Amino acid sequence: MLKYIGFRIFQALLGLWFIATLVFILSRSIGDPAEVFTARNSGVDAREIMAAKLGLDRPVHEQYLKFLGQLVRLDLGDSVSNGIPVTQILVERMPATFTLGLVALIFALALSLPLGVLGAVYRDSAIDWIAKVLAFLGQSMPPFWSGIMLIILFAVVWEMLPPAGKGGWQSYILPGFTLGWGVMAGMVRLVRSSMMDVLDSDYVAMARAKGLPEAVVIGKHALRNALLPVLTYSSLVLGAFMNGSVVVEQVFAWPGIGTSAVQSVVRRDFPVIQGVVIVFGSFFILINLFVDILYAVIDPRIKYTP
Amino acid sequence: MVNRNAEDDILLRVEGLKTYFFQRNAVLKAVDGVSFTVAQGEAVGLVGESGSGKTMTCLSLMRLVPQPGARIVEGEIWFKDENLLDITEHEMRAYRGHRMAIIMQDPQTSLNPVYSIGEQVAEPVRLHLKERGQQAMTRVLDALRAVRIPRPEQRLVQYPHQFSGGMRQRVVAAMGLTTQPELLIADEPTTSLDVTIQAQFLRLIRELQQESGTSVIWVTHDLGIVAQMCDRVNVMYAGRIVESGRVRQIYKEPQHPYTRALLDSVPLMGARRDKLYQIEGQPPDLRSIPQGCPFWPRCPEAMDKCKEQYPPRTSLGGQDFVHCWLTEEGR
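Please read all numbers here as calculations on a predicted model, not as lab measurements.

Definitions and limits used
- Note on numbering: residues in each chain are counted from 1, in written sequence order.
- Here every chain gets a letter starting at A, and every ligand a number starting at 1, in the order they are written.
- In keeping with the model being predicted, local features are shown solely for residues with a pLDDT of at least 70 and side-chain atom pairs are shown and tallied solely at 80 or more, while totals for entire chains, interfaces and linings include all residues.
- Hydrogens and water molecules were not included; the side-chain quantities draw on all heavy atoms of the structure.
- We count a stretch as a helix when DSSP gives it H or I for four or more residues in a row; a strand needs E for two or more, and each element gets its number in order from the N terminus.
- For the exposure calls, accessible area comes from a 1.4 Å probe over protein chains only, and a residue counts as buried if that area is under 20% of its type's maximum, exposed if over 50%, partly exposed in between.
- Working rule for contacts: check all heavy atoms of both residues, and any pair within 4.5 Å makes them a contact.
- We define buried area as the total accessible area lost by two parts upon association, computed with a 1.4 Å probe and summed across both.
- Just to be clear on terms, a salt bridge is a Lys or Arg side-chain nitrogen sitting within 4 Å of an Asp or Glu carboxyl oxygen.
- In protein, a polar contact requires one atom able to donate a hydrogen and another able to accept it; more generally it is a pair of N or O atoms within 3.5 Å, and residues adjacent in sequence count only if both atoms are side-chain atoms.
- Stacked, edge-to-face and tilted labels apply to pairs of Phe, Tyr and Trp rings (six-membered ring for Trp) whose centres lie within 6.5 Å, assigned for plane angles under 30 degrees, over 60, and everything in between, in that order.

Caption draft 1: Broad picture of the environment of E123(B). Turning to its location among the elements, E123(B) is positioned in helix α3 (residues 117–129). Taking the relative accessible area as the measure of exposure, E123(B) reaches 5% and is therefore buried. Between the C-alpha atom of E123(B) and that of S265(B), which follows or precedes it by 142 residues, the distance is 42 Å. When sequence neighbours within four positions are dropped, the list of residues in contact with E123(B) reads K210(A), L212(A), K220(A) and H221(A).

Caption draft 2: Highlighting the interface of chain A and chain B. Facing the 19 residues of chain A at the interface are 27 residues of chain B. Contact between chain A and chain B buries roughly 2200 Å² in total, counting both sides, with carbon and sulfur atoms accounting for 62%. The three residues of chain A that bury the most area against chain B are M206(A), K210(A) and K220(A), which together make up 29% of that side's buried surface. Summed over the shared surface of chain A and chain B, the number is three salt bridges. A salt bridge links K210(A) to E123(B), with the nearest nitrogen and oxygen atoms 2.7 Å apart. Scanning the region where chain A abuts chain B turns up twelve residue pairs in polar contact (both at pLDDT 80 or more).

Caption draft 3: Representation of the packing of aromatic side chains within the structure. This model, assessed by the stated rule, comprises twelve aromatic pairs over all chains. A centroid spacing of 4.5 Å and a plane angle of 20° characterise the contact between F98(A) and F283(A), whose relative ring orientation is stacked. Taken together, the residues F98(A) in helix α5 (residues 86–121) and F283(A) in helix α12 (residues 270–298) connect sequence positions 185 residues apart. For F98(A), a relative accessible area of 28% translates into the label partly exposed. A relative accessible area of 18% places F283(A) in the buried class. Ring geometry for Y237(B) versus F295(B): centroids 5.0 Å apart, planes at 80°, classification edge-to-face. Here the residue Y237(B) occupies a position in strand β9 (residues 232–237), and F295(B) occupies one in the loop between α10 (257–264) and α11 (304–308), the gap between them amounting to 58 residues. Taking the relative accessible area as the measure of exposure, Y237(B) reaches 2% and is therefore buried. You can call F295(B) buried: its relative accessible area is 2%.

Everything listed here is a matter of geometry and, on its own, says nothing about what the molecule does.
And the structure:
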C-alpha cells in the first residue's frame with residue numbers, strides 16, 4: 001500500500017513539473033510578452049525595460065531555472081495590470097472556486113447516486129424516467145443558459161434565492177446546482193449502467209441466496225462494486241468543474257479564479273493566466289492522486305499492482 | 001446413505017413446478033411441470049443438456065428466479081411441511097442461506113471481489129445464527145477447516161483474487177455449509193474446475209454430506225459425477241423430468257431413449273468404439289416446444305404417437321418413473 005502511494009506521489013510530482021514546463025514554453029512561444037505588455041508606439045526602450053523587468057533578456061535556460069525556482073517558492077510573479085503578486089490573487093480567490101466546486105460535486109453526487117441506483121433497481125419505473133429526463137436536460141443545456149434560466153425562475157420570478165454574488169449559504173445553491181447539473185447527467189447514466197452490470201453478477205445472486213435483505217444486497221454487495229467506475233469519473237468531473245467554473249462564475253458574478261481568468265485574458269495579464277493554468281493543472285493532478293489512493297482503499301485488488 | 005424410502009423422511013417435495021420467462025412476444029417455458037422429491041440425507045442428481053431447465057429449477061426452489069422476466073407460475077415446493085410458494089419474502093429469507101444453501105457454477109464470479117473471505121463466510125453466520133465477534137469467527141474458521149483450506153487463520157483476511165479457482169469453490173462451499181443447511185443445491189459446481197481439482201472437490205462434498213446428513217441436489221450434465229455422487233437421478237429435457245430412478249437402475253436399464261443417448265455419449269475408459277455416440281439435432285427452442293414429446297425430432301425410435309401427445313407417467317416401481325410411449329405401450 002505505502003509503495004503504491006509513494007509511486008503515485010512520484011507520478012503526481014512528475015505531472016506538476018510537466019505542466020510547469022508546458023506553461024513556460026507556451027508563454028514564450030506565442031509571441032514576445034514584452035511586446036504585448038508595451039504600447040504599440042512606445043519605442044525600443046520601453047520594450048527593453050519591460051523585457052528586463054520580466055527577465056526576458058536572460059538566456060532561455062536561465063529563465064527556465066529561475067521560473068522553476070520561483071515556482072517552488074510559490075512565487076508566480078506580479079500581475080502586470082495592478083502589480084499585486086499573482087500568488088496573493090490566487091490565494092484570495094481559490095477558496096470561492098473550490099467551495100463552489102465542492103457544492104457542485106455534492107449536488108451531483110447527492111442526485112446521481114440515489115437516482116442511478118434506484119433507476120437500475122427499478123428499471124423503467126417513474127423514478128427511472130425522472131432520472132433520465134433530468135440527465136437529458138443537464139446534458140443538453142449549456143451552463144450559461146441553464147444558469148440564466150435558473151436565475152430568472154428562482155431569483156426574479158419566485159424571489160427565493162439571491163441572483164448573483166457570494167454571500168450566505170443561499171448564494172451557493174444556484175451556481176452550485178448549475179455547475180453540478182451537467183456533471184450529474186453523465187454520472188446518473190454511469191451509476192445506473194454500472195449498477196445494472198453489478199446486479200446481474202453472480203456474487204449479488206449469491207448474496208441473495210445467503211438470505212440477506214435486499215437493502216443489504218444492494219447497499220453492501222452491489223454498491224461498493226458499482227462505485228469503482230463512478231470514482232474514476234468523479235476525478236475527471238472535478239477537472240470539468242474547473243472549466244465550468246470559468247463560465248458559471250461569470251454568469252453568477254462569483255469572485256473565484258474563473259472570474260480572474262476571464263479578466264486577465266481581457267487585460268492580457270500574462271502572469272495571472274499562467275498562475276491560473278498552473279493552479280487548475282495542479283488541482284487536477286492532486287484530485288487524481290487522491291482518487292487513485294481512494295481506489296486502492298475500496299478495491300483490494302489494486303494495492304498489489306502499482 | 002441414510003434410509004430414504006419412508007414417506008415421513010421426505011425433506012423436499014416439488015409438485016408440478018412451472019417457471020416461465022415472459023418475453024416481448026413469447027413465453028419461454030424454462031421449467032414446465034417438474035415434480036421430484038429429495039429425502040433426508042439423500043443426494044439427487046438433476047441431469048440434462050444446457051438449457052434443459054436445471055438451473056431455473058434450482059433458482060425456483062430458492063425463489064430467486066431472475067427479476068424482471070421470470071416468474072414461478074404454478075406448482076408447490078414443500079420443504080418438510082411448509083409450501084415455500086405460500087410464504088412471504090421475509091419468511092423465505094430465513095430459508096435461504098440457513099436451511100437451504102446453493103453453490104453456483106463459477107467460483108471466479110460468485111465471491112464478491114471487494115470483501116474479504118472471512119467477511120463473506122461470516123455473513124450467513126451473523127444473519128441466521130445470530131452469532132457475533134469471536135464466536136462467529138470460530139465458526140467461520142471451523143467451516144474453512146472443514147473444506148480443507150490450509151492456514152485458515154491467514155486466509156481469513158485475504159480477498160477472492162488471492163485464491164485459486166478450486167480454493168474459491170471451497171470457500172463458496174464453506175459459505176453454504178457454515179449454517180448446517182438441510183438442503184445443499186450444487187449447481188454444476190465443478191464445471192469450471194480442472195479434472196484433478198474437480199475430483200478433490202467432489203470427494204470433499206461427499207464426505208461433508210455423509211458427516212452432516214445434508215441432502216444434496218446435484219445439477220450437472222456429467223453422468224460420471226452423478227454415478228459418483230448421487231443416490232437418485234432425474235433426467236431433464238426441455239423443462240420436464242423425462243425419467244427418474246435410482247442411479248444403479250438407470251445406468252443398468254435406461255428406459256427413455258434420451259437417457260440412453262446421454263449414457264451412450266459418455267466416453268468409457270478402455271471401451272473400444274470408433275466414434276463417440278452423438279445425439280443428433282439441437283435441444284428444442286423453449287419458446288416453441290413441439291407438440292407431443294419434445295424429444296421426438298431427435299429420437300431414433302420416434303413413432304407417430306410421439307408427435308401427437310405427450311407420454312403419460314409410467315411407474316417403474318417405487319418412486320421410479322419414465323415419460324415415454326415405448327415403455328407405456330410395451331406393457
